[in-house]
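Chain and residue survey
What follows is each chain in one-letter form.
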Amino acid sequence: MKALFIHDNMVTVYQNKYYGNGSLTAKTFNRYLNVFDSLTVATRQEIAKDKNHKGYTPLDTKGVYFEKIPEFSSLSSVVNFLKAKRKICQLIKEHDIIIIRLPSFNGLLAYNICKKYKKKMIIEVVGYSKDVLKMKGMIGSIIALPFDYLMKKYVKNAEFVVYVTKEYLQRQYPTKGKSTNASNVNIDTFEKEKYLEKRESYTKVNTQSELVFGSIGDIDQLYKGHDKIIDVLPKIMKQRNQIIRYELVGGGSGNYLQPHVKENSLEKNVKFMGSMSQKEVLSWLDTIDIYLQPSLAEGLPRAVIEAMSRGLVCIGSDRGGIPELLDKSVIIPNIESLQEVEKTIMSVLDGDLVILSANNWEHSKEYSYDIISKRLLSFYREVVNSSSGLIN
């Protein structure tokens, strides 16, 4: 049985090899291949200008094929829209099961085509479209409401839905169909020694001359909220009489954040680390003291779960599924308020970091690769059985 995966992810191509930015990985594909004979990944593509793939994740996997969908999400090209529609239509007709990841422009387009050809669909809900689109300028704000309306309608009437959250996205996009929850994080090792080392380090936080904060995410995406942390760092350093470095992992130019860095005289404190592979990310997490997820819009951030799996104390906003992961005491109640950001960080640093570290490490085990894969395997088998009865 042939499956087709449709989303807006950007896949990078270099010398006929395919690379992802972390949201898609070969391990993610293997979850589908446990049930389906093959998987075709239909997304946007870009050609790499050189062989520098720092932070890129190799995607080439046996049984996985890649198809390029023309870019039309900017709404600037009617021609590309028509090309994309024809391409998606062709691919849908050639496959048995269609996996549509939302929110995405390609996903919305694919839904009605699937209905037309009576194709079996699995809808994956990974984010709240309204929050994300509103952070993308005037055009995003204009299309946010109709986009969200269509997404609500499609998810409600879908036969099979996978949510990355346990509760949050289910409230935003309820369905009448069968559903399950499964994060798209890929963690298969929970190193106790690393966790114990981190827990021990938290007994010395108040005597350290320097602390290291860290965040992961595209540094040009305003909704990631990195500017909020930069703007409160001077006050926190003054109150604690400690030097704080803030390291940001992720792609982007940094053009939006640089003025915040300069305005706060933090050129020596804020470091842009660039993109990293998952292996590099896990090693980097072991070098920082506090992980921060100050998002203004979020689904269920994989990075927070990865940080928790290393025993890190995490602080996050109250957006999306973040409160499902973290203790209430580390949640910033209003990420738009710099006063609340500062207050929450100070409160956490003054609290019992050892207990928070232990709780995070234990909680992260619920998101192990094996647990999630078994849950999805059962769900995918149900989808296949509903259409062909081929898998028992």
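Being a predicted model, the structure only gives us computed values, none of them experimental. (Residues numbered from 1 in each chain as written. Predicted model: local features only at pLDDT ≥ 70, side-chain atom pairs only at ≥ 80, totals over all residues. Heavy atoms only, no water.)

Ranked by size, the top nonpolar core spans 126 residues in total, and within it Phe 36, Ile 122, Ile 123, Phe 213, Leu 285, Tyr 291 and Ile 345 carry the most contacts. Once residues lying within four places of it in the same chain are set aside, the contact partners of Leu 285 are Lys 198, Ile 216, Tyr 291, Glu 306, Ala 307, Arg 310 and Leu 312. (Core = buried A, V, L, I, M, F, W, Y, C linked by side-chain atoms within 4.5 Å. Buried < 20%, exposed > 50% of the residue type's maximum accessible area, 1.4 Å probe, protein only. Contact = heavy atoms within 4.5 Å.)

Our focus in this paragraph is unusual backbone geometry. Backbone torsion omega between Leu 102 and Pro 103 reads 5 degrees, so that peptide bond is classified as cis. For Pro 103, the location among the structural elements is in the loop between β6 (97–102) and α3 (105–116). In this structure, Asn 241 takes a positive phi of about 55 degrees despite not being glycine. Within the secondary structure, Asn 241 is located in the loop between α8 (226–240) and β11 (243–249). (Helix = DSSP H or I, 4+ residues; strand = E, 2+ residues; numbered from the N terminus.)

What follows deals with the pairing of β6. A large share of β6 lies buried, amounting to six of its six residues. Burial of the side chains of β6 extends over both faces: Ile 97, Ile 99 and Arg 101 are buried on one face and Ile 98, Ile 100 and Leu 102 on the other. Here four bridges tie strand β1 (residues 2–14) to β6, and the two strands are oriented parallel to one another. In the strand pairing of β6, Ala 3 is matched with Ile 97. Pairing geometry for β6 and strand β7 (residues 120–125), over six bridges, is parallel. Its bridge partner being in β7, Ile 99 is matched across the sheet by Ile 122. (Pairing = 2+ DSSP bridges.)

This next bit is on the pattern of salt bridges. All chains considered together, the criterion is met by 18 salt bridges. Residue Lys 365 is joined to Glu 362 by a salt bridge in which the shortest nitrogen-to-oxygen separation is 3.5 Å. A relative accessible area of 30% places Lys 365 in the partly exposed class. Given a relative accessible area of 45%, Glu 362 falls into the partly exposed group. Counted as one network, the salt bridges with shared partners bring together Lys 228, Asp 318, Arg 319 and Glu 336. (Salt bridge = Lys/Arg side-chain N within 4 Å of Asp/Glu carboxyl O.)

Mapped onto the fold, His 95 is located in the loop between α2 (78–93) and β6. With relative accessibility at 3%, the residue His 95 sits in the buried group. Those residues within four positions of His 95 in sequence are excluded, and the remaining contacts are Lys 2, Ala 3, Leu 4, Thr 40 and Lys 119.

All told, the structure shown has 13 aromatic pairs when counted by the stated rule. Centre to centre, the rings of Phe 105 and Phe 147 are 5.3 Å apart; their planes meet at 80 degrees, and the pair counts as edge-to-face. Here the residue Phe 105 occupies a position in helix α3, and Phe 147 occupies one in helix α5 (residues 137–157), the gap between them amounting to 42 residues. Neither Phe 105 nor Phe 147 differs from the other in exposure class; each is buried. (Phe/Tyr/Trp six-rings, centres within 6.5 Å; stacked < 30°, edge-to-face > 60°.)

A word on the sheet that holds strand β15 (residues 331–332). Taken in spatial order, the six strands line up as β12-β11-β10-β13-β14-β15 in an open sheet, and their pairing is parallel. Edge strands, defined here as strands with exactly one partner in the open sheet, are β12 (270–274) and β15. Alignment of strand β10 (residues 210–216) against strand β13 (residues 290–293), held across two bridges, turns out to be parallel. Following the sheet pairing, Phe 213 is matched in β13 by Ile 290. Set on the sheet, helix α11 (residues 302–309) makes contact with β10, β13 and β14 (313–317); between it and β13 the angle comes to about 165 degrees. (Axes fitted to C-alpha atoms, helices over the stretch in contact; angles between N-to-C directions.)

This part covers the packing of α2 against α3. A pair of packed helices can be characterised by two numbers: the angle between their axes and the separation between those axes. One way to put it is that α2 packs onto α3 with a least axis distance of 10 Å and a crossing angle of 50 degrees. Here α3 runs oblique to α2, going by the angle between their axes. Of the two elements, α2 crosses α3, and the hand of that crossing is right-handed. When α2 is examined against α3, the residues Phe 81, Ala 84, Lys 85, Ile 88, Cys 89 and Ile 92 are found in contact with a partner set consisting of Asn 106, Leu 109, Ala 110, Ile 113 and Cys 114. Within the contact of α2 with α3, the residues separate by chemical class into nine nonpolar, one polar and one charged. (Parallel < 35°, antiparallel > 145°, perpendicular 65-115°, else oblique. Left-handed = near helix turned anticlockwise from the far one by under 90°. Nonpolar A, V, L, I, M, F, W, Y, C, P; charged D, E, K, R; others polar.)

Another point: α8. The end-to-end C-alpha distance of α8 is 21 Å, a good match for the 21 Å that 15 residues give at a rise of 1.5 Å each. Of the surrounding secondary structure, the elements contacted by the buried residues of α8 are β10, β11, α9 (258–263), β12, β13 and α13 (338–349). Backbone geometry just downstream of α8 places Asn 241 in the positive-phi region, at approximately 55 degrees. (Expected span 1.5 Å × (residues − 1).)

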